[in-house]
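# Observations on the model geometry
Okay, here's what each chain looks like letter by letter:
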Amino acid sequence: MGFKEVFDACTWDKIREEISEKKTAEVEQALYKKGKRSLDDFAALVSPAARPYLEEMAHISRTLTQKRFGKTMQMYVPLYLSNECQNICTYCGFSLDNKIKRITLSDAQILEEVQVLKAMGYDHVLLVTGEATQHVGMPYFQHVLKLIQPHFSHIAMEVQPLDREDYELLMPLGLNTVLVYQETYHKDDYKLHHPKGKKSNFYYRLDTPDRLGLAGIHKIGLGVLIGLEDWRTDSFFTAMHLSYLEKKYWQTKYSISFPRLRPAEGVLEPKVVMSDAELVQLICAYRIFNEEVELSISTRESEKFRNHIVGLGITSMSAGSRTNPGGYAAAAESLEQFEISDERSPLEISEMLKSRGYEAVWKDWDAVLQ
Ligand code: SF4
């Protein structure tokens, strides 16, 4: 049995209604409980009834995060390799129907980018491509991993979902982590936002973390694109997915991201706008619900928000990011996937963390420790 069966036993509208009907007493019960919180507690923590408890939530979240992670922040950076994509996604600048110049970096260009990232101090890289099997399929991933493995001690990928056997082939080449965001767990709206291409297969994407767990990957990243649908219900399904995976693939680590829909050329406006206070509520809810999960925030968020959120539950951050292939050195003018909001350099972020008593961690893992 995979997550599909668990998911199919739930109804979006029913969960949405249950969250909206949570009462103060249920929020307090979730907040002041000792030990592990349930999914029902998570529903209370993300509910509108929890909004007056934001300060209390932040306090608990801070304490739990420091207990487990100390005052550290894992630093990572995305390396966009290609903007080729065979999918239509209504929210993405790389969508097939968006007439942009398509590029896939050559080996020389990749190594140019790597050089810049290493000079910034990075040892943890996130490789990103669109979904275009012909240009960026398995032979390409195998080739690129071999090329860059000598330069980084932790390699994550955010590329098209693959079969279990593919992941098993990539892991010995240096693949440690795979991020696979469901975008939305609202099945009907998912179809509206992914009308064409392999990504339109909702269940193939939904079952990807299962395939990764079976392959024995080191870490899996989950998340939804906030703005496509009701964020409370989507986050509840993410939390449910996380709980299911942790029980079944207990040797794997997990991370959650909270991308809010950002402007990009030719993409839609968010259907649901999440305020900064609501994003803080969500981050704290995840931490109170799960003390082990890594919580990650990217440069999509503003400088002010990212400064504020340090210490409230987040454990990893990107800095100095470019979201276009070649954006660091090789082809700076290519079109970005979405606009960056926090433009500060890794050094500036490191200084900001230091001023708050936090340490930027550039390397916290090595394959030899496995
Ligand atoms: S979100 Fe991914 S799959 Fe969709 S258009 Fe963008 S790059 Fe392609």
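Reading the values: the criteria
- Residues numbered from 1 in each chain as written.
- Predicted model: local features only at pLDDT ≥ 70, side-chain atom pairs only at ≥ 80, totals over all residues.
- Heavy atoms only, no water.
- Helix = DSSP H or I, 4+ residues; strand = E, 2+ residues; numbered from the N terminus.
- Rg over C-alpha atoms; globule rule 2.2 N^0.38 Å.
- Buried < 20%, exposed > 50% of the residue type's maximum accessible area, 1.4 Å probe, protein only.
- Contact = heavy atoms within 4.5 Å.
- Areas by Shrake-Rupley, 256 points an atom, 1.4 Å probe, with all protein chains shown as cover.
- Lys, Arg positive; Asp, Glu negative; His and termini not counted.
- Charge placed at Lys NZ, Arg CZ, Asp CG, Glu CD.
- Near = heavy atom within 4 Å.
- Nonpolar A, V, L, I, M, F, W, Y, C, P; charged D, E, K, R; others polar.
- Core = buried A, V, L, I, M, F, W, Y, C linked by side-chain atoms within 4.5 Å.
- Arc of directions from axis to C-beta.
- Salt bridge = Lys/Arg side-chain N within 4 Å of Asp/Glu carboxyl O.
- Pairing = 2+ DSSP bridges.
- Right-handed = clockwise from strand over helix to strand, strands pointing away.

### Considering the overall build of the chain
In terms of regular secondary structure, the chain is built from 16 helices and nine strands. The C-alpha atoms of the chain give 20 Å as radius of gyration, which agrees with the globular expectation for 370 residues (21 Å, within 12%). If you line up the chain on its principal axes, its C-alpha atoms span 60 × 45 × 40 Å. Taken across its 370 residues, the chain has 60% of its residues classed as buried. For the chain, contacts bridging at least 24 residues in sequence account for 75% of all contacts bridging at least 6. Only carbon and sulfur atoms are counted for the fraction: they give 52% of the accessible area of the chain, which is about 15,300 Å². The average position of the 44 basic charges and that of the 52 acidic charges among the side chains of the chain differ by 3 Å.

### Section: the site of the ligand
If you check the shell around the ligand, you find Cys-85, Asn-87, Cys-89, Tyr-91, Cys-92, Phe-94, Ser-95, Gly-130, Glu-131, Lys-199 and Gln-337 and nothing else. Of the residues assigned to the shell around the ligand, the class counts are five nonpolar, four polar and two charged.

### Section: the environment of Leu-245
Along the chain, the position of Leu-245 falls in helix α13 (residues 231–248). When the C-alpha positions of Leu-245 and Arg-37 are compared, they lie 16 Å apart, and in sequence the two are 208 residues distant. Ignoring sequence-local partners within four residues, the contact set of Leu-245 consists of Pro-209, Asp-210, Leu-222, Trp-250 and Tyr-254.

### Description of the nonpolar core
In terms of nonpolar packing, the biggest core is built from 103 residues, with Leu-127, Ile-148, Phe-258, Leu-282 and Leu-353 touching the most fellow members. If one sorts the elements of this core by residue count, helix α14 (residues 276–289) sits on top with nine residues. In contact with Leu-282, other than residues within four places in its own chain, are Phe-42, Val-46, Ile-226, Trp-231, Ser-235, Phe-258 and Met-274. One finds Tyr-91, Phe-94, Leu-179 and Leu-261 within the second-largest nonpolar core, a separate group that totals 15 residues.

### Here we look at helix α16 (residues 346–355)
Listing the buried residues of α16 in full gives Pro-346, Ile-349, Ser-350, Met-352 and Leu-353. Along the axis of α16, the buried positions cluster into a sector of 160°, meaning they face one direction only. Among the exposed residues of α16, those oriented more than 90 degrees off its buried face are Leu-347, Lys-354 and Ser-355. Lining the buried residues of α16 we find β1 (72–82), α6 (107–120), α15 (303–309), β8 (316–318) and β9 (359–361). One or two steps after α16, the chain reaches Gly-357, where phi turns positive at roughly 85°.

### As for the pattern of salt bridges
Here the structure, examined in full by the defined rule, presents 21 salt bridges. With a shortest N-O distance of 3.1 Å, Asp-8 and Lys-4 are connected by a salt bridge. Of the two residues, Asp-8 and Lys-4 both sit in helix α1 (residues 3–8), four residues apart, roughly one turn of that helix. Among the residues examined, Asp-8 registers a relative accessible area of 38% and is labelled partly exposed.

### A look at unusual backbone geometry
Positive phi outside glycine occurs at Glu-183, with the angle close to 75°. Here Glu-183 is to be found in the loop between β4 (175–179) and α10 (187–193).

### Considerations on the pairing of strand β2 (residues 124–129)
Burial runs high along β2: six of the six residues are buried. Across the two faces of β2 the burial is the same, with His-124, Leu-126 and Val-128 and Val-125, Leu-127 and Thr-129 all buried. Where β1 and β2 come together, five bridges link them in parallel fashion. Paired with Leu-79 across the bridge in β2 is Leu-127. You can see the chain leave β1, run along α6 and come back into β2, and the turn it takes is right-handed. Note that β2 and strand β3 (residues 154–158) share five bridges and pair parallel.

### Focus: the environment of Met-57
In this fold, Met-57 is placed in helix α5 (residues 54–69). Those residues within four positions of Met-57 in sequence are excluded, and the remaining contacts are Leu-31, Leu-45, Ala-50, Gln-281, Cys-284, Ala-285 and Ile-288.

### Looking at the side chain of Arg-344
Along the polypeptide, Arg-344 turns up in the loop between β8 and α16. In this structure Arg-344 comes out as buried when scored by relative accessible area, which is 9%. Excluding residues that lie within four positions of it along the chain, Arg-344 makes contacts with Glu-303, Arg-306, Asn-307, Ala-319, Gly-320, Ile-349 and Met-352.

### Section: the pairing of strand β7 (residues 294–297)
Going residue by residue along β7, you find Glu-294 and Ser-296 tucked away on one face and Leu-295 and Ile-297 tucked away on the opposite face as well. Here strand β6 (residues 253–257) pairs with β7 via three bridges, running parallel. Looking at the pairing, Ile-256 lines up with Leu-295 of β7. Read as a crossover between parallel neighbours, the route from β7 over α15 to β8 is right-handed.

### Quick word on the side chain of Asp-189
With respect to the element layout, Asp-189 can be found in helix α10. Beyond its immediate sequence surroundings of up to four residues, Asp-189 is in contact with Thr-184, Leu-228, Glu-229 and Lys-271.

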